[in-house]
Amino acid sequence: MAQQVEGNHPTLLIDGDGNFNSKFVEDLKLAAVSRPVAVVSVFGVQSTGKSTLMNSLFSTKFKVMDASQGMHQTTKGIWVAKYPLSNPNGGHEILAIDTEGSDGIEREDDTKFEKQTALFCLAVSNTVIVNMMCRNVNLNNGGNRPLLRTVFEVMIRKFCTPRKVNLVFVLRDKNKCPRDKLEEQLKEGMYKIWKEMQKPEAQLNASLKDFFNIKVVALSSFEDKPEQFENEVAGLREWIISISTSGEGAAGSTPASGFADYAKKIWDKIKEDKDLDLPHYRIMVAEIRCNAIAEEKYQSFYESWLPLKEDAISGAVQGFGAKVSRKIDIYLSEYDQEAQHYEETKRDATRKQLIEDIMKVVKPTYLSVVEHMRHQILEKFEEAAEDEVKKNGVLKTHKYIIEFKNQLRDAAVKQANWNQDTEHLAQLESEIARAIDGIRAANEAREQRKKDEREFRLNVVKTVLNAAAIVVPSVIMAERKT
Ligand SMILES: Nc1nc2c(ncn2[C@@H]2O[C@H](COP(=O)(O)OP(=O)(O)O)[C@@H](O)[C@H]2O)c(=O)[nH]1
Ligand SMILES: [Mg+2]
């Protein structure tokens, strides 16, 4: 299909017959890229300078019509190229998508591919550029009205919950008509389409703004004022990259390596075209990205937790709870920072899962710390109990329970969803009660023994005395006889 290409050279993503080129990942060397990808695509009527604009914006080499060969379609299908200046140390990989354009005579009777293309671009892009000539803003076809209708319908019918796409209208060949006026006319046209469009029951009151961040810019002519055009494009480039990589319209950033799978899945669904139920891009991407971030944070936590675990297993660690909680906080706040732009419900669910996974690691050690503390307290109690009984005749257990309560507080992991303090306390109380029973039983046995010994001694004395009572008088008698 496509020859080996890289960098700013484009590669075919979907050909004019709707075949998906899975090799585009190799062509663009995307497989190993873990950075998120931001996608900018372009729509519009054929031969209005779309490919020229993308080439100026992203230093790509999409095919441009050679005017000397007559007006004909140059970009068949959907093409993709990498913006070569993506920051290699971070930030986003920027992909530019060029489409063949609408209303070309080549597909006069067939708007199916055009709709499929629109749907595909909306599903995978952070920013969609709608390219049109200033002078055509008010025309039906030149003003992209049929295309816009398609785009809006696709957006409202195929994505059940709103996802925001930056929709940037680029008006070409700036003329004397002020941009504000053009913007007003353009928006009027859009709101009219939106109002007239049949909406699904659930979306009757939906507003255009729920789906799109709409911006309008005008550019000087590339043909007549090339320098001005380049200067304006430089500003536009910075701005488009910024809105595509941050804020609402960027919420769909997916790792470049995962983009291929997603794009393929979307295209397969679009081609099946049964009542399309696209996996919500934002949610799907949030799931992929948040899981990846959570996995990384889990690993980092795990590594930094091991020494603490070793210490805890070999004996109770002073301030165990605070130490663990602090560590967890570090990785959770890193997660929050890195996942902040992704869809909220997925982000929160993944965060909850991350905490649960961390707790699964922490809990056995926490329990062994608690057990260690309980044993120590019990030993302390048993040692002191003997003395206390001797001194006061009573056993005071309260202070041991309080001490254990304080220790439990010290060991508590604040992010944990378990709280078994009551059980731990009950266990210590019953162990102390058992110990008290033991001490009582031992005391009673001792007392009994003493009593028995006393009685025994008394009996011995009595027996001796009795014996003496018999023996002594007979001895006296015998003495008297002698
Ligand atoms: N008037 C005018 N012509 C342009 C502009 N940009 C490109 N063109 C010319 O329009 C023709 C079609 O350009 P191309 O980028 O292939 O259009 P596409 O079919 O929309 O991708 C080429 O001859 C370009 O040189 C522009 O800003 N103004
Ligand atoms: Mg083109």
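In this text, all values refer to a predicted model and were calculated from it rather than measured experimentally.

Turning next to the overall build of the protein chain. A count of helical and extended segments in the protein chain gives 13 helices and 8 strands. Looking at the protein chain as a whole, 35% of its 482 residues qualify as buried. Of the contacts formed within the protein chain by residues at least 6 apart in sequence, a portion of 77% connects residues at least 24 apart.

Right, let's get into unusual backbone geometry. You will see that serine 59, though not glycine, has its phi angle at about 50 degrees, which is positive. If you trace the backbone, serine 59 turns up in the loop between helix 2 (50–58) and strand 3 (78–82). Positioned with a positive phi, aspartate 173 is a non-glycine residue whose angle comes to about 55 degrees. Tracing the chain through its elements places aspartate 173 in the loop between strand 6 (165–172) and helix 5 (179–196).

On to the environment of lysine 327. The residue lysine 327 is located in helix 10 (residues 320–339) in this model. In this structure the C-alpha to C-alpha distance between lysine 327 and serine 300, which are 27 residues apart in sequence, comes to 9.9 Å. Sequence-distant contacts of lysine 327, that is, excluding residues within four places in its chain, are made with Phe301, Ser304 and Trp305.

This next bit is on the environment of histidine 341. For histidine 341, the location among the structural elements is in the loop between helix 10 and helix 11 (344–392). Separated by 96 residues in the primary sequence, histidine 341 and threonine 245 place their C-alpha atoms 9.7 Å from one another.

Below, the discussion takes up the environment of glutamate 230. Note that glutamate 230 resides in helix 7 (residues 226–245). Considering only alpha carbons, one finds glutamate 230 and serine 220, 10 residues apart in sequence, at a separation of 8.9 Å.

With that settled, the discussion passes to the pairing of strand 3. Within strand 3, 5 of the 5 residues are buried, leaving the element largely enclosed by the surrounding structure. Side chains of strand 3 alternate between two faces, with Ile78, Val80 and Lys82 and Trp79 and Ala81 buried alike.

Glancing now at the nonpolar core. Within the largest apolar cluster, 76 residues are counted, with the highest numbers of intra-cluster contacts made by Val80, Ala96, Phe120 and Leu122. With 8 residues, helix 8 (residues 256–272) is the largest single contributor of residues to this core. Ignoring anything within four residues of it in the chain, the contact list for leucine 122 reads Val128, Val151, Val154, Met155 and Val165.

All right, on to the confidence of the model for the protein chain then. This prediction gives the protein chain a mean pLDDT of 82; 84% of its residues lie at or above 70. Across residues 275–279, confidence stays below pLDDT 50; counting only partners more than four residues off in sequence or on other chains, it has 9 contacts.

This paragraph deals with helix 12 (residues 398–411). Under the 1.5 Å per step criterion, the end-to-end length of helix 12 is 20 Å for 14 residues, consistent within 8% with the ideal 20 Å. Of the residues making up helix 12, those classed as buried are Phe404, Gln407, Leu408 and Ala411. Projected down its long axis, helix 12 carries its buried residues within an arc of 105 degrees, all on one side. Residues of helix 12 that are exposed and point over 90 degrees away from its buried face: His398, Lys399, Ile402, Asn406 and Arg409.

Calculation criteria
- Residues numbered from 1 in each chain as written.
- Chains lettered and ligands numbered in written order.
- Predicted model: local features only at pLDDT ≥ 70, side-chain atom pairs only at ≥ 80, totals over all residues.
- Helix = DSSP H or I, 4+ residues; strand = E, 2+ residues; numbered from the N terminus.
- Buried ≥ 20, exposed ≤ 12 C-beta atoms within 10 Å, placed from the backbone.
- Contact = placed C-beta atoms within 7 Å.
- Core = buried A, V, L, I, M, F, W, Y, C linked by C-beta atoms within 7 Å.
- pLDDT = per-residue confidence, 0-100.
- Expected span 1.5 Å × (residues − 1).
- Arc of directions from axis to C-beta.

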